[in-house]
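Residue strings, one per chain:
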Amino acid sequence: MSSEWPLWEVFIRGQHGLNHRHVGSLHAADAEMAIHNARDVYTRRNEGVSIWVVRSADITASSPSEKGPLFEPSNSKVYRHPTFFDIPDEVGHM
Amino acid sequence: MYAQMVKSDVPRVKGLDEMGPEERAFQERIDAGQKIEPKEWMPEGYRKTLIRQISQHANSEIVGQLPEGNWITRAPTLERKAILLAKVQDEAGHGLYLYCAAETLGVSRDELYEQLHSGKAKYSSIFNYPTLTWADIGAIGWLVDGAAIMNQVPLQRCSYGPYSRAMIRICKEESFHQRQGYDILMKMVKGTPAQKAMVQDALNRWWWPSLMMFGPSDEASVHSAQSMAWKIKQNSNDELRQKFVDQTVPQAEYLGLTIPDPELKWNENKGGYDFGEPDWNEFFEVIAGNGPCNAERLGARRKAWEDGVWFRDGLTAHAEKVSARSAAAAE
Amino acid sequence: MEAETTTEAAIDRAALFEFLLRMGDNTLMLGHRVSEWCGHAPALEEDIALANTALDLIGQTQLWLGLAGEVEDKGRSADDLAYLRDVYEFRNLLLTERPNGDFGKTLMRQFLFDAWHYLRLQTLLSSTDRRIAEIAEKASKEVSYHLERSRDLVIRLGDGTAESHARMQQALDDLWPYTGEMFMTEAADTALSAAGVAPEPQSLKAEWDELVAETLSEATLRKPTDGYMHGGGRRGMHSEHLGFVLAEMQFLQRAYPGATW
């Protein structure tokens, strides 16, 4: 099997001056493609949005609040990524 | 229901007093309605069951593109064409969200594809039935999306954070799917006798497979009991099926259609319909690969994947070249 | 309705109708072809992106053919025009009805068309017919994104692996003889240009050549020399492929005449 495109986390700012918010993830060969894909997958082409993408592997996450050994899945790159956060209605359809 | 008969790898559901401290703390958090997040401790069985369930769900979304997708080029008006295309596109999006949710559990999307293509991972039995007329597109929206929504709404409260959030997003986006299907049928039953006959024919063919979507009765299933204890399943298959029938019968009546079940009858005592038993032999055959379209569906997915290797590799190679060039320029 | 009055004074309905069919039939055919990929693309992200392109093209078809029906004034809707004409009445470029081929060919066809489509819409922004300028305004936003995307992918795949390069070169060589039609003068073109509705097709050639040459060079692809060019789509002379597209697309409307859906 050929190598898989890396995973990217997508952050989007709606039109109302809000912060960028995490909306989900996707696969892309590089950052520029990730931006294109994010536009197609997560904004369904809304105008006036700003998109950030960051490689999931480049995110450093804090330790979970619970004490005890961490769950370490076999693939250390993918498990750290934050996932879907709900977007409030006032942001509009994404 | 897009995930049918998910196995949980446990012989029986343990009581709190039989658990070690970690598992006990984990179970108590679930019982208290807290969400489990990717980095946190979880029993291996929970992780594996979730991967199976989420990947079955994701696989169903992308295989589910095919039966409806084959009518995009034949949609009867430009507006219907656009709506159907948008809906099938949503399914691809939902597959994408769900694969990403599964990826938080330490499995890659390519591995999940591999399991789908090899036949190891399953997808919903419903997508192995053919779409023969335009009324089938209406019937799928009405019945199949209707049944899916019934399952997905409670899954928004699932204990695993990424899955729960994916379901919230999916439910929000899917709200128009069932309506567009019903809308197609409303238009057709008000049309010519041929159109009305087409709608009844579609209901005749899709009714039983839709009921099978919920899976066989799982009252006695240890897998279901465990999944419920973990809150990755909220209702029993029979509960959801009953709810679906109760909701759908009046909708069929409104359309002037006959449900193809001679045993269907209102039961005043239980406040719901009594109905016949689906043909579970057929269900198990379809799951085993012998449905009318299994070979075509899986064949189409494999072909898309294999024909796309050069494309995916080409983009990877280009990205590597660009990154090497900019590294060289920086030196 | 001032614009309409201006238009009617300057150019006859038949020429305008012809022009609108050419625009709408292009987007209808290409939208159809692109939508054939739905569920079969090589990556989930591409599947979704292509569907967006197809959705834009279908939307533009509704606008162009809707206006065509108005201009014709015989009570035909956009759907009537899409679903109830036969091959010889279609006015799309042959390029748009070419079969998809592999994903590379689909992307190359998209790029060659997008480059033209983008430039064409830019010229229509200042059309003397306000209705045309308005559609162009809406469509050009969408099409500039189509071009950005298809151009980017052509470059990446041209300058990717040996295989992706070879496939893109093959696609380019195969499709090139269908690009000349975009710049051929057909009936009504001169009148449309004189009336300020739309500049002559030939006027887009230099810019298109430049845009394409620049992209192909970045993609490390060899630009074919302009040899024999196929034409005729814009006056209803099509390839056999169109008949099959229509047989599929128009099936329900033809099988159940007068039914509403």
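Look up a bit, the structure's there.
Throughout what follows, the structure given in this document is the object of discussion. Each chain has its residues counted from 1, running along the sequence as written. Following the order in which they are written, the chains are lettered starting with A and the ligands numbered starting with 1. For a predicted model such as this one, the threshold for reporting local features is a pLDDT of at least 70, and the threshold for listing and counting side-chain atom pairs is 80 or more; totals across whole chains, interfaces and linings nevertheless cover every residue. To get the side-chain values, take all heavy atoms of the structure and skip hydrogens and water.

Next up on the list: the overall build of chain A. Numbering goes from the N terminus for both helices and strands, where a helix is a DSSP run of H or I of at least four residues and a strand is a run of E of at least two. Across its full length, chain A carries one helix and three strands. Taken from the N to the C terminus, the helices and strands of chain A come in the order β-β-α-β. Only protein chains enter the accessibility calculation, which uses a 1.4 Å probe; a residue is then buried when its area is under 20% of its type maximum, exposed when over 50%, and partly exposed in between. Here chain A holds 94 residues, and 48% of them are scored as buried. Counting only carbon and sulfur atoms, one obtains 49% of the accessible surface of chain A, whose full area is about 4,700 Å². All accessible areas in this document rest on Shrake-Rupley with a 1.4 Å probe, and a residue is counted as covered only by the protein chains that are shown.

To continue, consider the overall build of chain B. Per the secondary structure count, chain B includes 13 helices and two strands. Compactness check: chain B gives a C-alpha radius of gyration of 22 Å against a globular reference of 20 Å for 331 residues, within 12% of the reference. Looking at chain B residue by residue over its 331 residues, the buried ones come to 60%. Contact definition: two residues touch when any of their heavy atoms are within 4.5 Å. The contacts of chain B with a sequence gap of at least 6 include a subset with a gap of at least 24, amounting to 79%. Entry remark: accessible area of chain B is about 12,300 Å², with carbon and sulfur atoms responsible for 53%. A gap of 4 Å separates the mean positions of the 39 positive and 45 negative side-chain charges of chain B. Radius of gyration means the value over C-alpha atoms here, while the globule rule gives 2.2 Å times the residue count to the 0.38 power. As used throughout, the charge tally considers Lys and Arg to be positive and Asp and Glu to be negative, leaving His and the chain termini uncounted. The atom standing in for a charge is NZ when the residue is Lys, CZ when it is Arg, CG when it is Asp and CD when it is Glu.

Now for the sheet that holds strand β3 (residues 50–55) of chain A. Sheet architecture is open: three strands sit in the order β2-β1-β3 (chain A), paired in antiparallel fashion. Each edge of the open sheet is held by one strand with a lone partner, namely β2 (21–27) and β3 of chain A. Shown here is a sheet whose adjacent strand axes are inclined to one another by a mean of 30°, direction ignored. In this description, strands pair whenever DSSP reports at least two bridges between them. Strand direction decides the pairing type here: strand β1 (residues 7–13) of chain A and β2(A), joined by six bridges, are antiparallel. The residue of β2(A) that forms the bridge with A:Trp8 is A:Leu26. Against the sheet, helix α4 (residues 78–103) of chain B touches β1 and β2 of chain A, its axis set at about 90° to β2(A). Angles run from 0 to 180 degrees between N-to-C directions of axes, and those axes are lines fitted to C-alpha atoms, restricted for helices to the stretch in contact.

Spacing of three or four residues puts side chains on the same side of an α-helix, whose turn is 3.6 residues. To estimate how far a helix should reach, multiply one less than its number of residues by 1.5 Å. Its 22 residues place the ends of helix α13 (residues 309–330) of chain B 32 Å apart at the C-alpha level, agreeing with the 32 Å of an ideal helix rising 1.5 Å per residue. Considered for burial, the residues of α13(B) that qualify are B:Trp310, B:Phe311, B:Arg312, B:Gly314, B:Leu315, B:Thr316, B:Ala317, B:His318 and B:Ala319. Those residues of α13(B) that are buried are in contact with α1 (31–43) of chain A, α12 (294–307) of chain B together with α3 (44–72), α6 (103–124), α7 (130–158) and α8 (162–175) of chain C.

As a further point, take the side chain of A:His22. Residues and elements named next belong to chain A. Residue placement: His-22 occurs in strand β2. As used in this structure description, the phrase polar contact means that two N or O atoms lie within 3.5 Å; if the pair is within protein, one of them must be able to donate a hydrogen and the other to accept it, and residues adjacent in sequence are counted only when both atoms belong to side chains. Only 2.6 Å separates the side chain of His-22 from the side chain of Glu-9, close enough to count as a polar contact. A polar contact is formed between the side chain of His-22 and the backbone oxygen of Gly-24, at a distance of 3.3 Å.

All names here are of chain C. Along the chain, Thr-220 falls in the loop between α10 (205–218) and α11 (240–249). Exposure remark for Thr-220: the relative accessible area of 41% places this residue in the partly exposed category. Not counting the four nearest positions on each side in its chain, Thr-220 is found in contact with Gly-158, Asp-159 and His-165.

Our focus in this paragraph is the interface of chain C and chain B. Across the contact, 49 residues belong to chain C and 48 residues belong to chain B. When two parts are put together, the accessible area they lose, computed with a 1.4 Å probe and summed over both, is reported as buried area. Between chain C and chain B, the buried area comes to about 4,100 Å², and carbon and sulfur atoms account for 68% of it. When residues of chain C are sorted by the area they lose upon contact with chain B, C:Pro42, C:Leu44 and C:Trp261 head the list and together hold 19% of the total. Salt bridge criterion: a side-chain nitrogen from Lys or Arg within 4 Å of a carboxyl oxygen from Asp or Glu. Joining chain C to chain B, the criterion identifies three salt bridges. For the side of chain C that touches chain B, the secondary-structure elements that each account for two or more residues are α2 (13–35), α3, α4 (78–83), α6, α7, α8, α11 and α12 (251–255) of chain C. The leading source of residues in the side of chain C that touches chain B is α3(C), at twelve residues. Class assignment for the residues of the side of chain C that touches chain B results in 25 nonpolar, 13 polar and eleven charged. In this classification, Asp, Glu, Lys and Arg are treated as charged, Ala, Val, Leu, Ile, Met, Phe, Trp, Tyr, Cys and Pro as nonpolar, and every other residue, Gly included, as polar.

What follows concerns the packing of α2(C) against α11(C). Working note: a packed helix pair is described by the angle between its axes plus the distance between those axes. Residue and element names in this part refer to chain C. Close contact between α2 and α11 brings their axes to 12 Å; oriented N to C, the two are set at 75°. As judged from the angle between their axes, α2 and α11 are roughly perpendicular. Of α11, the residues touching α2 (which contributes Leu-28, Met-29, His-32 and Arg-33) are His-241, Leu-242, Val-245, Leu-246, Glu-248 and Met-249. Of the residues belonging to the contact of α2 with α11, the class tally is six nonpolar, two polar and two charged. Convention used here: angles under 35 degrees read as roughly parallel, angles over 145 as roughly antiparallel, angles from 65 to 115 as roughly perpendicular, and any remaining angle as oblique.

With 194 residues, the main nonpolar core has A:Leu26, B:Tyr46, B:Trp134, B:Tyr160, C:Met108, C:Leu112 and C:Trp208 as its most contacted residues. Element by element, the count of residues in this core is highest for α4(B), at 13 residues. Those residues in contact with C:Met108 that lie beyond four places of it in its chain are C:Val154, C:Met168, C:Ala171, C:Leu172, C:Leu175 and C:Leu221. The term nonpolar core refers to a set of buried residues drawn from Ala, Val, Leu, Ile, Met, Phe, Trp, Tyr and Cys, joined through side-chain atoms within 4.5 Å.

Moving on, we come to the pattern of salt bridges. Residue and element names in this part refer to chain C. Following the criterion strictly, the structure yields 44 salt bridges over all chains and no others. Two residues, Arg-167 and Asp-102, come together in a salt bridge whose shortest N-O distance is 2.9 Å. With Arg-167 in helix α8 and Asp-102 in the loop between α5 (94–97) and α6, this residue pair connects regions lying 65 residues apart in the sequence. In this structure, the salt-bridge partner of Lys-205 is Asp-226, at a minimum N-O distance of 3.1 Å. Placement of the pair is Lys-205 in helix α10 and Asp-226 in the loop between α10 and α11, with a sequence separation of 21 residues. For Lys-205, a relative accessible area of 17% gives the class buried. When its relative accessible area of 45% is taken as the criterion, Asp-226 is described as partly exposed. A single network of salt bridges, built from pairs that share partners, joins Glu-18, Arg-22, Arg-91, Asp-189 and Arg-234.

Residues and elements named next belong to chain C. Under the pairing criterion, centres of Phe, Tyr and Trp rings, with the six-membered ring standing for Trp, must be within 6.5 Å; the plane angle then separates stacked pairs below 30 degrees from edge-to-face pairs above 60, leaving the rest tilted. In total, this model carries 24 aromatic pairs over all chains according to the counting rule given. Arranged with centres 5.6 Å apart and planes meeting at 45°, the rings of Phe-113 and Trp-116 form a pair that is tilted. On the criterion of helical spacing, the pair formed by Phe-113 and Trp-116 is a turn pair, its members being three residues apart in helix α6. According to the relative accessible area criterion, Phe-113 is buried, its value standing at 1%. Residue Trp-116 is classed as buried on the basis of its relative accessible area, which comes to 6%.

Turning our attention to the interface of chain A and chain C. Taken together, the contact between chain A and chain C spans 13 residues of the former and 13 residues of the latter. Together, the buried faces of chain A and chain C total about 1,300 Å²; carbon and sulfur atoms form 48% of this surface. Run the count over chain A and chain C and you get three salt bridges. In this structure, A:Asp40 engages C:Arg149 in a salt bridge whose closest nitrogen and oxygen atoms are separated by 2.7 Å. Counting the contacts that link chain A with chain C gives nine residue pairs in polar contact (both at pLDDT 80 or more). Elements represented by at least two residues in the side of chain A that touches chain C include exactly β2 and α1 of chain A. Class assignment of the residues belonging to the side of chain A that touches chain C gives a composition of four nonpolar, three polar and six charged.

So, about unusual backbone geometry. All names here are of chain C. Of note in the backbone geometry, Asp-73 takes a positive phi value of approximately 65° without being a glycine. Locating Asp-73 in the fold gives a position in the loop between α3 and α4. Here the phi dihedral of Ala-188 falls at roughly 80°; this positive angle occurs in a residue that is not glycine. Take Ala-188: it is sitting in the loop between α8 and α9 (189–194).

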